[in-house]
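# Understanding the architecture of this molecule
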Amino acid sequence: MDELALHILDIVQNSISAGAKKIFISISFDDSTVKMEVTDNGCGMDREMINKVTDPFTTSRTTRKVGLGIPLLKETCELTGGRLIIESQKTKGTKISASFGKNSFDRPPLGNMGQTMAALISCNPFIDFEFSFESKDDNYVLATNELKQVLGDVPVSNPQIAAFIERDVNSGVQSVCREDIL
């Protein structure tokens, strides 16, 4: 995958498949590292699955025999001098933490997080998402539980709301990111 936003999309799709109702997405960076975390309250994984999930020939899907998202993410982390950590507990949820060398030639750009978040939120209106993007000096947060309160009867799946989410997230990321991690 050639963007971090696409890795996040893949991980969140796994969270949704695992029955998560709350998903937290965090991206932060400092002078040397870009970190991203996805935490959910889905069904979680047992120790055996955690140990296998980085193998491309391990998947919980029945429609195909390979799962490349997590193995590709792990490889990308390692190519940049970072690492992938997976913490999970059956019935409690999963946390995937990925770190990347910020200045590594092999680190993919962030990509269009606004588009990614708009798609995830509008296609999954009954899931609460929280997205945060932060540097050492600033941060941006979008929480759908707060957004839903403001919107009242207007659903987050409304195309105008999706367009607003995309613009707001991209604007928030730009305001925090005064450096080139995009």
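Shown above is the structure to which this text applies.
First, a word on scope: everything that follows refers to the structure included in this document. (Residues numbered from 1 in each chain as written. Predicted model: local features only at pLDDT ≥ 70, side-chain atom pairs only at ≥ 80, totals over all residues. Heavy atoms only, no water.)

## Re the pattern of salt bridges
Side-chain pairing between opposite charges can occur once the charged atoms of the two side chains come close. Rules: Salt bridges are identified by distance alone: a Lys or Arg side-chain nitrogen within 4 Å of an Asp or Glu carboxyl oxygen. Strands here mean DSSP runs of E at least two residues long; helices mean DSSP runs of H or I at least four residues long; both are numbered from the N terminus. Note on exposure labels: buried denotes an accessible area under 20% of the residue type's maximum, exposed denotes more than 50%, and partly exposed covers the range between, all computed with a 1.4 Å probe on protein chains only.
In this structure the tally under the stated criterion is four salt bridges. Across the pair Glu78 and Lys74 runs a salt bridge whose closest N-O atoms are separated by 3.3 Å. Of the two residues, Glu78 and Lys74 both sit in helix 3 (residues 69-79), four residues apart, roughly one turn of that helix. Judged by relative accessible area, which is 29%, Lys74 ranks as partly exposed. With a shortest N-O distance of 3.4 Å, Asp128 and Lys148 are connected by a salt bridge.

## So, the pairing of strand 1 (residues 22-29)
The test is simple: Whether two strands pair comes down to DSSP finding at least two bridges between them.
Pairing analysis gives seven bridges linking strand 1 to strand 5 (residues 128-134), with the strands arranged parallel. Bridging from a neighbouring strand, Ser28 pairs with Glu134 of strand 5. Pairing analysis gives seven bridges linking strand 1 to strand 2 (residues 33-40), with the strands arranged antiparallel. By the bridge assignment, Ile23 is partnered in strand 2 with Asp40. Hairpin connection, strand 1 to strand 2: the antiparallel pair is bridged by three residues.

## Here we look at the sheet that holds strand 3 (residues 84-89)
What counts is decided by this rule: Every angle, taken between N-to-C directions, lies between 0 and 180 degrees, and every axis is a line fitted to C-alpha atoms, over only the stretch in contact when it is a helix. Residues are treated as being in contact if the distance between any of their heavy atoms lies within 4.5 Å.
Taken together, the six strands give an open sheet; going across it, the order is 3-4-2-1-5-6, and neighbouring strands pair in mixed fashion. On the outer flanks of this sheet lie strand 3 and strand 6 (139-143), each paired with one strand and no other. On average, each strand axis in the sheet is inclined to that of its neighbour by 5 degrees, with strand direction left out of account. Of the pairings in the sheet, the one linking strand 5 to strand 6 comprises five bridges and is antiparallel in character. Looking at the pairing, Ser132 lines up with Val141 of strand 6. Set on the sheet, helix 1 (residues 4-17) makes contact with strand 1, strand 2, strand 4 (93-101) and strand 5; between it and strand 2 the angle comes to about 15 degrees. Here helix 4 (residues 113-123) sits on the sheet in contact with strand 1, strand 5 and strand 6, set at roughly 170 degrees to strand 5.

## As for the packing of helix 4 against helix 6 (residues 159-176)
Rules: Take the far helix as the reference: if the near one is turned anticlockwise from it by less than a right angle, the crossing is left-handed, and if turned clockwise, right-handed. The residue classification treats Ala, Val, Leu, Ile, Met, Phe, Trp, Tyr, Cys and Pro as nonpolar and Asp, Glu, Lys and Arg as charged. All others, Gly included, are polar.
Between helix 4 and helix 6, the least distance of the axes is 7 Å, while the angle of their chain directions is 145 degrees. With respect to the hand of their crossing, helix 4 and helix 6 are arranged in right-handed fashion. Contacts between helix 4 and helix 6 pair Met113, Gly114, Gln115, Met117, Ala118, Ile121 and Ser122 from the former with Ala162, Ile165, Glu166, Val169 and Asn170 from the latter. When its residues are assigned to classes, the contact of helix 4 with helix 6 shows seven nonpolar, four polar and one charged.

## Describing the packing of helix 1 against helix 4
Keep this limit in mind: Roughly parallel covers angles under 35 degrees, roughly antiparallel covers those over 145, roughly perpendicular covers 65 to 115, and oblique covers all other angles.
Interhelical geometry of helix 1 versus helix 4 gives an angle of 15 degrees and a closest axis separation of 9 Å. In terms of axis orientation, helix 1 runs roughly parallel to helix 4. Note on packing geometry: the crossing formed by helix 1 with helix 4 is right-handed. Across the interface between the two elements, Ala5, Ile8, Leu9, Val12, Gln13 and Ile16 of helix 1 pack against Met113, Thr116 and Leu120 of helix 4. Residue composition of the contact of helix 1 with helix 4, grouped by class: seven nonpolar, two polar and no charged.

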